[in-house]
Amino acid sequence: MRVLGSVLPLAVVLGFVLGSAGSAHSQEQEPRTARLWSGNHALTLPRGRLEVGLLQSSHYGLTDRVELSLHPLLFFALPHVEAKVSYERSARHALSMRGRLAYPSLFLGLVSREGSGGLLPKTSSPPQALLVEGDVLGTLFWQPQQLVTATVGLAVAPHTAFTPAELPLLDFPFLYPRFAPLYTVLVPRASLGFEGRLTSRLFYELQLLGYLMPALPDAGTAYALEQALALEYRFNDNVAASLGLRASEAAYAYGSRVHFLPYLDVRVGF
Amino acid sequence: MPEPAPGAISTLRVMNYNIKFGGGRIDFFFDCFGERVLMSKDEVLENLQKVAEKIRQYDPDLLVVQEVDVRSKRGAYLDQMQWLLDNTALNYGVYASQWKADFVPSDGIGAVDSGNGILSKYPLSEGKRIALALRTDQSGIERYFYLKRNLLRAQLELPGQQSIWVVAVHAEAYSQDGTKRQHIDRFKQELDQLAHSGGIVVGAGDLNTLPPGTHKKSGFPDSVCQNEDFIADDYRDEADWLVPLYDTYEAEVPLAEYQADNARYFSHTVDKNGFWNRKLDYVFTNARVLPGSGLVHQDLARGGMETMPLSDHAPVTAELELP
């Protein structure tokens, strides 16, 4: 466990996130429409609400202040669970913490293969590892049904020892910063997001996300900047469809590159 | 600091070398001799040091290279064009990618940028990448990530002398649809067009086919691939594909000499434990090749240095007489 020491701060954060569920302060009522759907903001789903997405994770409001997330299909390739805990909430702002625990070794083994889908050589031998992530989220309701959210967080990945031949750098666009903690001590990250209503049923989301990846093999200290822009049409409180574009600019070992990922998604909530 | 360009010369020393992206004799998965996909930086540098030693030993004025990588993952992200310029007496270079993708999601290849290069002691100008036909026997997605073969053309500017057109080529190896033939014909067409303008042309590269009059055209002992995507060892239908080139231009080795003794001019084998067993690498020109100057650097006896450990191709050289 090479980075056991560096896990401790995050473990504390994560413990605080999970442990703070019962101590969250009850404040004034926030706009219901903003809170109803899950998102990259500090609000949690109402208790008992379940959202299932095609591409994005599914979310469940365990209590009014605790939201659990996982992707039901990805889970079998990349076991993971995520919890967001609301710490403070008022009519003007909200504060929460989010923790995520994943076991990436299975996924890395699946993509170490010959032929198509081989993101890593089949001779790779991924280590046993955990991916531990934590974020603090602060949301401001700057206008009615208009949210701005800032997050700061970090990710670490305690793992058994491995050589560069056993686990070459996974520098596939978009996966690159998310698996970078395996190759370095920790990966801090921060984001700024805007979301809100455009028309009665049309909503937007714009998110800017930055990662700092210190001392990666071959690439050295690198960064990744991601931008997501999405429009979502909410047919009612239960069905929504979105169209989005993700862009990533990152410093790779072979230079800085920009990549785009358009997507179409549907989610239903109960 | 670059080496100062020499003064006027009467002969031009030309070398063609497929350097296998600094892979030396590591057994890569596509050779079907091993499973390797990626190299460490130490491995790449060790292999390139030997390649550079061979280049320095011959000391060409003009070097045409195939399979030179520029910051590919398999080559530990090293810029091999720049490295060769830094570690030989060659001062100028032009490069054209034939396989470039930020991420090849297959076999763990990842980022790749590999192609043809022209390096010279003298200034190069008018560099141009000329796209060659794409294979038609692949699916659209395969073709998207597959090699985009090309001709790399540049003008070599000799001090106080007529400039020389140089054309580099690496023809298709694995196609079953006639794409290789198209590449060879397009190579000759480019040489013809430049020659008709009245200047000296030098075309060099790995044509992935055999000269006319080759005795053994199939059943090579180093062909162990079962995967048909990587089978490239049956040349029986290609016996006359290079006839137009030999009819029009001088080769580094006259065809009659080759036909009299094939083995002496073999330049390729996949098997590191074997020996060169076919000729795939060429230099063609409309200038006069100095008699006896053409050589396939096969080993210590023929070239002054063992080349089998350096790449799966041997360098071929010739001295051209300049007017």
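Residues numbered from 1 in each chain as written. Chains lettered and ligands numbered in written order. Predicted model: local features only at pLDDT ≥ 70, side-chain atom pairs only at ≥ 80, totals over all residues. Heavy atoms only, no water.

Caption draft 1: Broad picture of helix 1 (residues 41–58) of chain B. Residue and element names in this part refer to chain B. With 18 residues, helix 1 should cover 26 Å at 1.5 Å per step; its first-to-last C-alpha distance of 26 Å lies within 8% of that length. When we look at burial in helix 1, the residues that qualify are Val44, Asn47, Leu48, Val51, Ala52, Lys54, Ile55 and Tyr58. For helix 1, the angular spread of the buried residues around the axis is 155°, confining them to a single face. (Helix = DSSP H or I, 4+ residues; strand = E, 2+ residues; numbered from the N terminus. Expected span 1.5 Å × (residues − 1). Buried < 20%, exposed > 50% of the residue type's maximum accessible area, 1.4 Å probe, protein only. Arc of directions from axis to C-beta.)

Caption draft 2: Region of the structure containing the confidence of the model for chain B. With 95% of its residues at a pLDDT of 70 or more, chain B shows a mean pLDDT of 92. Listed scores for the predicted complex are pTM 0.86 and ipTM 0.84. (pLDDT = per-residue confidence, 0-100.)

Caption draft 3: Looking closely at the pattern of salt bridges. Applying the stated criterion across every chain yields a total of 33 salt bridges over all chains. Ionic pairing is found between Glu51 of chain A and Arg267 of chain A, a salt bridge with its closest N-O pair at 3.2 Å. With a gap of 216 residues between them, Glu51 of chain A in strand 1 (residues 50–53) and Arg267 of chain A in strand 12 (residues 255–269) connect regions that are remote in the sequence. For the pair formed by Glu51 of chain A and Arg267 of chain A, the shared burial category is buried. Two residues, Asp61 of chain B and Lys121 of chain B, come together in a salt bridge whose shortest N-O distance is 3.7 Å. Of the two residues, Asp61 of chain B is situated in the loop between helix 1 and strand 2 (62–69) and Lys121 of chain B in the loop between strand 4 (110–120) and strand 5 (124–131); the sequence distance between them amounts to 60 residues. For the residue pair Asp61 of chain B and Lys121 of chain B, the accessibility class agrees, reading buried in each case. (Salt bridge = Lys/Arg side-chain N within 4 Å of Asp/Glu carboxyl O.)

Caption draft 4: A look at the packing of helix 1 of chain B against helix 2 (residues 80–87) of chain B. Residue and element names in this part refer to chain B. Direction vectors running N to C along helix 1 and helix 2 enclose 50°, while the axes themselves pass 10 Å from each other. Our classification of the angle between helix 1 and helix 2 gives oblique. You can see that helix 1 and helix 2 cross each other, and the crossing is right-handed. Residue-level inspection shows Val44, Leu45, Leu48, Gln49, Ala52, Ile55 and Arg56 of helix 1 in contact with helix 2, the latter providing Gln80, Trp83, Leu84 and Asn87. (Axes fitted to C-alpha atoms, helices over the stretch in contact; angles between N-to-C directions. Parallel < 35°, antiparallel > 145°, perpendicular 65-115°, else oblique. Left-handed = near helix turned anticlockwise from the far one by under 90°. Contact = heavy atoms within 4.5 Å.)

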